[in-house]
Amino acid sequence: MKTLNLPPSTFRYKEEAGKKFIFDEVRGKFIFLTPEEWVRQNFLHFMAKHLGYPPTLTGVEKMLKVNGLSQRCDIVLFNRKGHPVLIVECKAPSVEVNESTLAQAARYNTTLKVPFLVLTNGMKHYCIHTDSKTGGFSAQNGFPSFEELQKY
């Protein structure tokens, strides 16, 4: 898999019927390794090891309803009170992170109402603060600390 713009991590792999799988520590199982899954797993490690976001408060591929339709959110981080506070939308490294990616995360946010959206393809990462009062967005320099997320 492609080297990403994230700190290197060590993963467990297995191969079955010629297909490669990566162990997802949050879900506790092996997942078929696609380019998007590679980004998701690397970003999960980054969140836990470098941002201090607890894996026990992290959801992966969380089901939610958006306008009556079932959708899957790549990563959702919850605060200590169990409220969702951050959504991560992952794309494969070959997929550009653009307004369409932001629109997808914003659609999920109509249900979850988190203060932070993160968009990543493993090469470029964007953190966006959402203003629940105005519905506006503002780009952030870096990511919020887990302690900062407790105020939401």
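In what follows, the structure referred to is the one given above.
Residues numbered from 1 in each chain as written. Predicted model: local features only at pLDDT ≥ 70, side-chain atom pairs only at ≥ 80, totals over all residues. Heavy atoms only, no water.

### Quick look at unusual backbone geometry
Look at Glu61: it is not a glycine, yet its phi comes out positive at around 50 degrees. With respect to the helices and strands, the residue Glu61 is situated in strand β4 (residues 58-66). For Lys113, which is not a glycine, the phi torsion comes out positive at approximately 55 degrees. Looking at the secondary structure, you find Lys113 in the loop between α2 (99-112) and β7 (116-120). (Helix = DSSP H or I, 4+ residues; strand = E, 2+ residues; numbered from the N terminus.)

### Thoughts on the layout of surface pockets
In this structure, the largest pocket occupies an estimated 320 Å³ of space. Forming the walls of the largest pocket are 18 residues, and the residues nearest its centre are Asn109, Lys113, Val114, Thr130 and Ser132. Of all the secondary-structure elements, those providing two or more residues to the lining of the largest pocket are β6 (84-90), α2 and β8 (125-130). Looking at the lining of the largest pocket element by element, the count peaks at four residues for α2. (1 Å grid on protein atoms, 1.4 Å probe; cavity = no way out; pocket = protein on both sides within 12 Å on 5 of 7 lines; lining within 4 Å. Points joined across faces, edges and corners; volume = space filled by probe spheres on them.)

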